[in-house]
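An overview of the molecular structure
What follows is each chain in one-letter form.
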Amino acid sequence: MRRGIVCRWFIPFFACLLLTPLARAGNGPSGMYMQPVPAAAGRWVTANHSAVIQIAPCGADLCGRIVGIVLGPNEPMPKDWRGASQCGLTIIRVSPNPGSNGASWSGSILDPRDGSVYNARIAPAAGHQLNLRGYLGLPIFGQTQTWNSYAAPIPPDCRLSSVTP
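Residues numbered from 1 in each chain as written. Predicted model: local features only at pLDDT ≥ 70, side-chain atom pairs only at ≥ 80, totals over all residues. Heavy atoms only, no water.

**Details of the overall build of the chain**
Helix and strand counts for the chain come out as one helix and nine strands. For the chain, the sequential pattern of α-helices and β-strands runs α-β-β-β-β-β-β-β-β-β. When burial is assessed residue by residue, the chain has 27% of its 165 residues classed as buried. Carbon together with sulfur atoms contributes 61% to the accessible area of the chain, which is approximately 10500 Å² in total. (Helix = DSSP H or I, 4+ residues; strand = E, 2+ residues; numbered from the N terminus. Buried < 20%, exposed > 50% of the residue type's maximum accessible area, 1.4 Å probe, protein only. Areas by Shrake-Rupley, 256 points an atom, 1.4 Å probe, with all protein chains shown as cover.)

Structural data, given as structure tokens:
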């Protein structure tokens, strides 16, 4: 009797332990299938060459945070409108545009100096570039910037002496 109980519960339990890693093979850490990384993801030098923004998936959206700021040797780290360091501040949050298959994204961009939030559209461009359009209300009331990809190392404190895409 006792042997039947052990076999009835132990063998399926042991089989689950052995098969679970195989079922997860090729999947992400959560066990869900990995989605392809959008072309807009990566590190980008802003149009004025003063910062590097890292855009990465955050759930179904893309988020961009400041990971590098060009500063002189004795310049302090800039503060945001709340008085916190701009290093690591999330300034972009965009969702995929319907029907674009990840080719364009819309959402918002934050001005870290004063806390103003603007509408934003981003889309990958040819030659490892990203087009970002910030605007108020309608896209015609805005400006498009072209950001270049950035591959050089970035120190944890965000301090950069210069950026060259």
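Here the narrative resumes, following the displayed structure.
**With respect to the state of the cysteines**
Going through the model one piece at a time under the given rule, you end up with two disulfides. Put simply, Cys58 and Cys63 are joined by a disulfide, and their sulfur atoms are 2.0 Å apart. When the S-S torsion is 70°, as for the bridge of Cys58 with Cys63, the disulfide is right-handed. One disulfide in the model links Cys87 with Cys158; its S-S distance is 1.9 Å. Here Cys87 and Cys158 share a disulfide; its torsion about the S-S bond, 70°, makes the bridge right-handed. On the criterion of sequence distance, the pair formed by Cys87 in the loop between β3 (61-70) and β4 (90-96) and Cys158 in the loop between β8 (142-149) and β9 (159-160) is long-range, its members being 71 residues apart. (Disulfide = S-S within 2.5 Å.)

**Considering the pairing of strand β1 (residues 42-45)**
Of the pairings in the sheet, the one linking β1 to strand β2 (residues 51-58) comprises four bridges and is antiparallel in character. For Val45, the partnering residue across the bridge sits in β2 and is Val52. The hairpin formed by β1 and β2 contains five residues between the paired strands, and His49 there has a positive phi angle of roughly 60°. The pairing of β1 with β8 spans two bridges and is antiparallel. Note on β8: the bridge partner recorded for Trp44 is Ser149. (Pairing = 2+ DSSP bridges.)

**Some words on the side chain of Thr46**
Within the element layout of this structure, Thr46 appears in the loop between β1 and β2. For Thr46, a relative accessible area of 11% translates into the label buried. A polar contact of 3.4 Å, which involves the side chain of Thr46, links it to the backbone nitrogen of Ser50. Sequence-distant contacts of Thr46, that is, excluding residues within four places in its chain, are made with Ala51, Ile53 and Trp147. (Polar contact = N/O pair within 3.5 Å; in protein donor to acceptor, adjacent residues only side chain to side chain. Contact = heavy atoms within 4.5 Å.)

**Points about the environment of Ala123**
By secondary structure assignment, the location of Ala123 is in strand β6 (residues 117-125). By relative accessible area, which is 23% here, Ala123 ends up partly exposed. Separated by 17 residues in sequence, Ala123 and Ser106 have C-alpha atoms that sit 9.0 Å apart. Those residues in contact with Ala123 that lie beyond four places of it in its chain are Ala103, Ser104, Leu130 and Asn131.

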